[in-house]
Each structure stands twice: as C-alpha cells, then as structure tokens.
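A look at the structure
Listed here are the chains, written in short residue letters.
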Amino acid sequence: MSVGQQGPGPEAIVVQNLTKQYKQLRAVDDLSFSVRSGRVTGFLGPNGAGKTTTLRMLVGLVRPTAGTATINGHRYAELAEPLRHVGAVLEASSAHKSRTGLNHLRVICAAAGLPRERAEQVLELVGLTPAAKRKFKGYSLGMKQRLGIAAAMLGDPRVLILDEPANGLDPEGIRWMRDLLKALAAEGRTVLVSSHLLGEMQQLADDVVIIAAGRLVRQGPVEEVLGSMAGAAQTRVRSPQAAELAAALQAQGATVTPQQDGALLVTGLDAAAVGHAAFVAKVELHELAGERADLERVFLELTAGKAGIR
Ligand SMILES: Nc1ncnc2c1ncn2[C@@H]1O[C@H](COP(=O)(O)OP(=O)(O)OP(=O)(O)O)[C@@H](O)[C@H]1O
C-alpha cells in the first residue's frame, strides 16, 4: 500500500506569517499555512492573489519582507543540495534553443553534481524519451512543461512545487499531469501545485490552500472545505406533488428553487433529509439526487469581495 493511501504524512512545507511588500502593494500579507507529505495540495487564488510570489519566496527567489517559509524544517537557502530536496517548476522550462532536451538536462546534472544517467531517467518519467534528441526550439508548450518537470525531478526530490503546470496543456496533457502528480504523492512525496483551474484541482488535490489578496482564506482537505460551506448541500428532487413537497422542505428551513424542467433544487438539506421529509409528508418521489458543492462555487463564495483586481 502506498503512503498516499495510508493518509497524510508530516508537514513538509511550513509557511509562517509570510509577508511581501512591494512599494505600495502588499502582495503576500501575513500568510500562514502548511503542506503535508503524501498529498497533492492545491494552492488556489484569483489572479494577483500572491500565489507566484509565495512560491518564489519558498524557493528563495524572492526575499520575504517578514515571516518564514521552510521545507522539511529548513529555509531553502540553508539546504546543502537543494535539488535533492526540492524540485520547482515555476515557469515552462527555458533552454538554449539549439540544445536538445537530453543535453539540457545533462547540463543541469553536471552543474548540480547529479549522476548523468538521471537525464534519461527523468525524460522517461515524463514521457519525453522520443523527443530526447530533438532541439528545444521545436518543443511545443506541453513538451516544455514536461521538460520543466523532468528538470525538477533530476535530484529525485521529496518535495515538488509547481506554478500553474497545466498552463498550455491540452486535455490529454492535463490528464497525464494529474496522474503523474498523484503517483508522486502516493510515493510519499509532497506536491504543492498552484492553479486557477478549479475544476482540475477538484480532481487532483487532496488538500487545498485558498488565498485572496495575499491572505489565507481557507485551508484543509478538499472534502472538508467543500463540506464546510454553509448551504453547500444541494439536492435535486422531483415529485408529482411538488407544491406539498416544497412546503414540507421549507418548513425545515431549506431553500427551494423550482427548475424549468419541473424538478425542485433544494439548498440546505442533503438527499437523505429531503427523502425523509417526503416520507413523513407522504409525498411520492420520482427523482432524488444529491449534488455536491463544487470547488468553483465554494471558491467564488470564499473569495467574493476579497479578491479585487490587482
Ligand atoms: N516584482 C514585483 N514588483 C511589484 N509588484 C509585484 C512584483 N511581483 C508581483 N507583484 C504584484 O504582486 C501581486 C501578486 O502577484 P502574484 O504573481 O504573486 O499573484 P498570483 O496569485 O500568482 O497571480 P497570477 O495567477 O495572476 O499569476 C500582483 O498584484 C502583482 O502585480
């Protein structure tokens, strides 16, 4: 059984009171959250929320104004061989345009003191072996994303940090990325991945950290964040005695919205509660379906009014 199936491991990334002030703008504002190993954690927020700035502070590319970010208890700058601890993909890879993908990776191996054969191994991992000897300038954006991940995996790091890795990928590429990241987390690695593609996160992430305007909005397991939303439970129900049923449900405090097709959309009661209310009221049911709150709606509700345009 993999670690991922055994449940979350210890906190591998800890961000404490992290702040970044750019002249007038506080891009990241007293932000604290933690990321556990053996899980994929989605880092979500509207445009300009401060996701990229936070990830760049994590890997020492931006100096925090205040606060700390640690990886396995150490600041990035304190790690002796950082590539063996942390792999970061902060933008699609860039390489010398006439260099092949394989040579690009070999150069990184040489500079970082990593075994040369890691280049072939990580190309295999990301499915780029057939393009290993093609020049970088002929790579599609999707191939560049794969090469970026390959480079991040050269040191076989236990922690992987990716900024919008699905950008530029087609649906098949997105599926591939999802499977790879889940597999890496299932090996016990820590995977922190930012995205604004909320639907994608719902399928990928075990935990989410949601920020808006540089501040933490919510963090926790996806299911908990979804389930904690007030009125998140929605149930679709259909009955030949719709008016009686609506009255019985409203008496329990639910909001009932008739749909164009004659069904009722019930907010605030789950399917079991709606079925029970119908049973008690002796109302016949022709359809009863619970609808989960989706991350998109939760995200909009959580960040409403806080996001602004930055
Ligand atoms: N070097 C900089 N100097 C000044 N302002 C900056 C700098 N880098 C980022 N910002 C600003 O900080 C805010 C947060 O930017 P950041 O890129 O971290 O957000 P984000 O959540 O990654 O957004 P997006 O999804 O649009 O990339 C934005 O308003 C941005 O314009």
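Since the structure is predicted, the reported quantities are computational estimates derived from the model, not experimental observations. (Residues numbered from 1 in each chain as written. Predicted model: local features only at pLDDT ≥ 70, side-chain atom pairs only at ≥ 80, totals over all residues.)

Regarding the site of the ligand
The full set close to the ligand counts 13 residues, and Y22, A27, K51, T52 and T53 are the nearest of them. Going through the elements one at a time, β2 (25-36) and α2 (51-58) are the ones with two or more residues in the shell around the ligand. Ranked by the residues each element gives to the shell around the ligand, the list is headed by α2, at 3 residues. A breakdown of the residues in the shell around the ligand according to their chemical character gives 4 nonpolar, 7 polar and 2 charged. (Near = placed C-beta within 6 Å. Helix = DSSP H or I, 4+ residues; strand = E, 2+ residues; numbered from the N terminus. Nonpolar A, V, L, I, M, F, W, Y, C, P; charged D, E, K, R; others polar.)

Description of the domain arrangement of the protein chain
Taken domain by domain, the protein chain consists of domain 1 (11-226) and domain 2 (234-292). For domain 1 versus domain 2, the separation of C-alpha centres amounts to 44 Å. (Domains from an automatic or database assignment.)

Concerning the environment of L197
Mapped onto the secondary structure, L197 falls in the loop between β7 (190-195) and α8 (198-204). Counting along the chain gives 151 residues from L197 to P46, while the straight-line C-alpha distance between them is 9.9 Å.

Topic: the nonpolar core
Ranked by internal contacts, the top residues of the largest apolar core, which has 66 residues, are A150 and I161. Residue contributions to this core peak at 6 residues, all from helix α6 (residues 141-152). With sequence-adjacent residues up to four places away left out, I161 is seen in contact with L55, L58, V59, V86, A88 and L192. Counting residues in hydrophobic clusters, the runner-up holds 14 residues, among them A248, A254, A278 and V283. (Core = buried A, V, L, I, M, F, W, Y, C linked by C-beta atoms within 7 Å. Buried ≥ 20, exposed ≤ 12 C-beta atoms within 10 Å, placed from the backbone. Contact = placed C-beta atoms within 7 Å.)

With respect to helix α5 (residues 118-125)
In an α-helix, one turn spans 3.6 residues, which is why side chains three or four residues apart end up on the same side. For α5, the complete set of buried residues consists of R118, A119, V122 and L123. Along the long axis of α5, the arc covered by the buried residues comes to 135 degrees, so they all point the same way. At its buried positions, α5 is contacted by α4 (101-112) and α6. G127, located one to two residues past α5, shows a positive phi value of around 75 degrees. (Arc of directions from axis to C-beta.)

Considerations on α4
Here α4 is 12 residues long and its end C-alpha atoms lie 17 Å apart, about the 16 Å a rise of 1.5 Å per residue gives. Taken together, the buried positions of α4 are occupied by G101, H104, L105 and I108. Buried residues of α4, seen end-on, are gathered within an arc of 95 degrees and therefore sit on one face of the element. Considering only its buried residues, α4 is in contact with α5 and α6. (Expected span 1.5 Å × (residues − 1).)

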